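Structural description and commentary
So you can see what is in the structure, the chains are spelled out below.
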Amino acid sequence: MIALRDVSLERRTREEYAHDLKGRLLALATGRYRHPRRRAVLSGVDLAIPRGQKIGIIGANGAGKSTLLKVMCGVLEPTSGTAAVEGRVAPLLELGAGFDGDLTLADNIVLYGVLLGVERRDIESRIGEILRFAELTDYERLPVRTLSSGMAARLGFAVATAVDADILLIDEALSVGDESFRAKSRARIEALWHEERTVVLVSHDLSLVRTVCERAIWMERGRIVADGDPNDIVARYVRAVDEAAIETLLRSRVDV
Amino acid sequence: MVVSASQRRLIDVVRVLYARTLTVRYRGSVLGIAWSAANPLGMAAVYTAIFGHTFVPYYDGSLLRYGIAVYIGLALAGFFIGGTSQALPSIVSNADLLNKIHVPFAAFPLSTLAAWGFQQVVATLPLIVVISLFINHSVLHVVALIVPLAGLAMLAVGVSMLVSGAQVFFRDIAYMYELATFLIWVTSPIFYPAGIVPAAVLRLLAFNPLFPILESVRALVLTDAWPSAQLYALSFIDGALALAIGVAAFRAMRPQFMDLL
């Protein structure tokens, strides 16, 4: 279960925050120090996702979709409001984010698994199974840097989906590897899908959201602007995007 | 002791990161340890060759005792300075990872320090214990080393957390810490006897937390007497204090980390 209550997140604009102690002290001494401005990335997000619900998040780039996922998996803490997440979260965000190229595949499985929140003993006992799924059993004792990027993605996918999670957070790319593995990864995702799992899917693939989600939210500028049936929300979103495009088009003609 | 879920997770993460550092950095870990063992020995020999004759009156006229005193100083200061300097960039250099997976921040300085500490302990502690037993034939003296060494470990943890957290805010802390370690180096009686320092200055040096640790360990290894109760107690208290300050500062800084990484 996920319950976000009035979640707002502000971030300092990176350009204005000087990571420089000497400069900061000088600015303070001469009275020229100004607090860096803060930009609201999420504002007043209220969202309750019951256990087992499959929900899609749509919206333009920079609308706050990925940030919302980061709040759900605990990477970012809200500036105000509360984020309560019950159950183990498997973030399928950037697969293999915790890999170390110099370690062997087996060591990396343990490292990445523990970073994702699995207990060490648990993941150690599943190394074989994960390697088999990724079709990389022959590479067990080789360092990860010897793998091609597609193979590394397969390994990342295999570890991340081996985590026995209650909540799956998915950002875009569901399919990794070559054509045969893609079918396999899709099958695994579908298997994960049918169980009692909560799924939060961020995607620009609107037909995917319409077919696999039972609920959709549309985000714009850090706010939820619409929430409901995916067919309805996607239709409204598409209409708004079309209207905005037409308006821009018309305005450019007036300018000419 | 009851361990909470978040503490268990911290321990798990520290363990895998520690294992990673040891495997990656010290792939030929025997070679790494051999180097860590040889380095202070070689340096102690150089210091003895240069300063030995001048300082020998402070060591019962024995060059070897001076050499051992320097070796202990180099080993302990090396553990502290090397460990904290490596821990300093550990959070910032893992910014990418922290932006993708929720990992307890403290795991980075702690695992870096632990990997360094393991290597240093294996490389230098056995020799120090052997020397101690050889000089004063007292197991009790060896056991008593636990107190100042625990103080040193706590000091290193506290400072590591403080500087690794501060670096998130100010990336130029690394240069300043380099200067600070040089100050620690000079103001600790590592290669000179504390006896040559004028009394007025010595009172200031006593604020250097390495001072009571170094002097306690030396007293325990080099003499069959006991260090003064005050010095001995301070070697532990300074460390505990540094740990408390480091952890408190880290907790206070932590909520702002992700905004700046």
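Residues numbered from 1 in each chain as written. Chains lettered and ligands numbered in written order. Predicted model: local features only at pLDDT ≥ 70, side-chain atom pairs only at ≥ 80, totals over all residues. Heavy atoms only, no water.

The number of helices and strands found in chain B is 11 helices and zero strands. Secondary structure of chain B in N-to-C order comes out as α-α-α-α-α-α-α-α-α-α-α. Taken over the C-alpha trace, chain B has a radius of gyration of 19 Å; the compact-globule value for 261 residues is 18 Å, and the two agree within 12%. Projected onto its principal axes, the C-alpha coordinates of chain B cover approximately 60 × 40 × 40 Å. Looking at chain B alone, contacts between residues at least 24 apart form 78% of all its contacts between residues at least 6 apart. On chain B, roughly 12,000 Å² of surface is accessible, and the fraction owed to carbon and sulfur atoms is 74%. (Helix = DSSP H or I, 4+ residues; strand = E, 2+ residues; numbered from the N terminus. Rg over C-alpha atoms; globule rule 2.2 N^0.38 Å. Contact = heavy atoms within 4.5 Å. Areas by Shrake-Rupley, 256 points an atom, 1.4 Å probe, with all protein chains shown as cover.)

All right, on to the interface of chain B and chain A then. Taken together, the 30 residues of chain B in the interface contact 35 residues of chain A. A per-residue breakdown of the area chain B buries against chain A is headed by B:K100, B:F170 and B:D259, which together make up 21% of the total. Between the two partners, chain B and chain A, sit four salt bridges. The partner of A:D100 in a salt bridge is B:R20, and the shortest N-O contact between them spans 3.6 Å. Where chain B packs against chain A, one counts nine residue pairs in polar contact (both at pLDDT 80 or more). The set of elements that each furnish at least two residues to the side of chain B that touches chain A consists of α1 (5–25), α4 (95–98), α7 (146–169), α8 (173–187) and α11 (229–260) of chain B. Per-class residue counts for the side of chain B that touches chain A are 16 nonpolar, four polar and 10 charged. (Buried area = accessible area lost by both parts, 1.4 Å probe. Salt bridge = Lys/Arg side-chain N within 4 Å of Asp/Glu carboxyl O. Polar contact = N/O pair within 3.5 Å; in protein donor to acceptor, adjacent residues only side chain to side chain. Nonpolar A, V, L, I, M, F, W, Y, C, P; charged D, E, K, R; others polar.)

With that settled, consider the environment of B:V157. All names here are of chain B. Positionally, V157 belongs in helix α7. Measuring from C-alpha to C-alpha, the distance between V157 and A244 comes to 9.7 Å, with 87 residues separating the pair along the chain. In contact with V157, other than residues within four places in its own chain, are L110, L113 and L243.

A positive phi is found at A:R221, a non-glycine position, where the angle reads about 50 degrees. Note that A:R221 resides in the loop between β8 (215–220) and β9 (223–228). Residues other than glycine seldom take positive phi values, yet B:D60 does so here, at roughly 50 degrees. Of note, B:D60 is situated in the loop between α2 (29–55) and α3 (63–87).

Okay, the side chain of A:K65 next. Checked against the element boundaries, A:K65 lands in helix α2 (residues 65–72). Setting aside its immediate chain neighbours within four residues, A:K65 contacts A:I57, A:I58, A:G59, A:A60, A:V202, A:H204 and A:M219.

A surface patch of nonpolar side chains, amounting to about 360 Å² of accessible area, comprises B:L133, B:V139, B:V143 and B:I146. With respect to the element layout, B:V143 can be found in helix α6 (residues 139–144). (Patch = residues over 30% accessible without salt bridge, like charges linked within 9 Å, V, L, I, M, F, W, Y side chains within 5 Å.)

Residues and elements named next belong to chain A. Sheet architecture is open: six strands sit in the order β5-β6-β7-β3-β8-β9, paired in mixed fashion. The sheet is open, and its two borders are formed by β5 (89–92) and β9, each paired with just one other strand. The sheet shows a mean angle of 15 degrees between the axes of neighbouring strands, direction not considered. Inspection of the sheet shows β8 paired to β9 by five bridges, in the antiparallel sense. Across the sheet, residue E220 finds its bridge partner in β9, namely R223. Against the sheet, α2 engages β3 (54–59), β5, β6 (167–171), β7 (198–202) and β8, with an angle of about 155 degrees to β6. (Pairing = 2+ DSSP bridges. Axes fitted to C-alpha atoms, helices over the stretch in contact; angles between N-to-C directions.)

For the rest of this paragraph, the subject is the packing of aromatic side chains. Any pair of aromatic rings gets described here by the distance separating the centres and the angle formed by the planes. Going through the model one piece at a time under the given rule, you end up with 14 aromatic pairs over all chains. For the pair A:F99 and A:Y112, a centre-to-centre distance of 5.1 Å together with 65 degrees between the ring planes defines the contact as edge-to-face. In this pair, A:F99 is assigned in the loop between β5 and α3 (105–115) and A:Y112 in helix α3, connecting sequence segments 13 residues apart. Taking relative accessible area as the criterion, A:Y112 reaches 1% and is therefore assigned buried. The interplanar angle of 25 degrees and the centroid separation of 6.2 Å between the aromatic rings of A:F133 and A:F157 together place this pair among those described as stacked. Placement of A:F133 in helix α5 (residues 127–134) and of A:F157 in helix α6 (residues 149–162) is noted, with a sequence separation of 24 residues between them. Grouping aromatic residues by their ring pairs yields a cluster made of B:Y47, B:F51, B:F55, B:Y59, B:Y66, B:F191 and B:Y192. (Phe/Tyr/Trp six-rings, centres within 6.5 Å; stacked < 30°, edge-to-face > 60°. Buried < 20%, exposed > 50% of the residue type's maximum accessible area, 1.4 Å probe, protein only.)

The strands making up a sheet are joined through hydrogen bonds of the backbone, oriented either antiparallel or parallel. Residue and element names in this part refer to chain A. Strand order in the open sheet formed by three strands is β2-β1-β4, and the pairing between neighbours is antiparallel. Lying at the two open borders of the sheet, with one neighbouring strand each, are β2 (38–49) and β4 (80–85). Averaged over neighbouring strand pairs, the angle between their axes works out to 30 degrees when direction is ignored. Here strand β1 (residues 2–12) runs beside β2; their pairing, made up of eight bridges, is antiparallel.

Side-chain pairing between opposite charges can occur once the charged atoms of the two side chains come close. Across all of its chains, the model carries 12 salt bridges over all chains by this definition. Ionic pairing is found between B:R65 and B:D60, a salt bridge with its closest N-O pair at 3.6 Å. Looking at B:D60, the relative accessible area reads 65%, which means it is exposed. Sharing partners across several salt bridges, the network here consists of A:R11, A:R38 and B:D259.

For chain B, mean pLDDT is 91; residues scoring 70 or higher make up 98% of the total. Within chain B, the element-level pLDDT minimum falls on α1(B), averaging 87, and the maximum on α7(B), averaging 96. (pLDDT = per-residue confidence, 0-100.)

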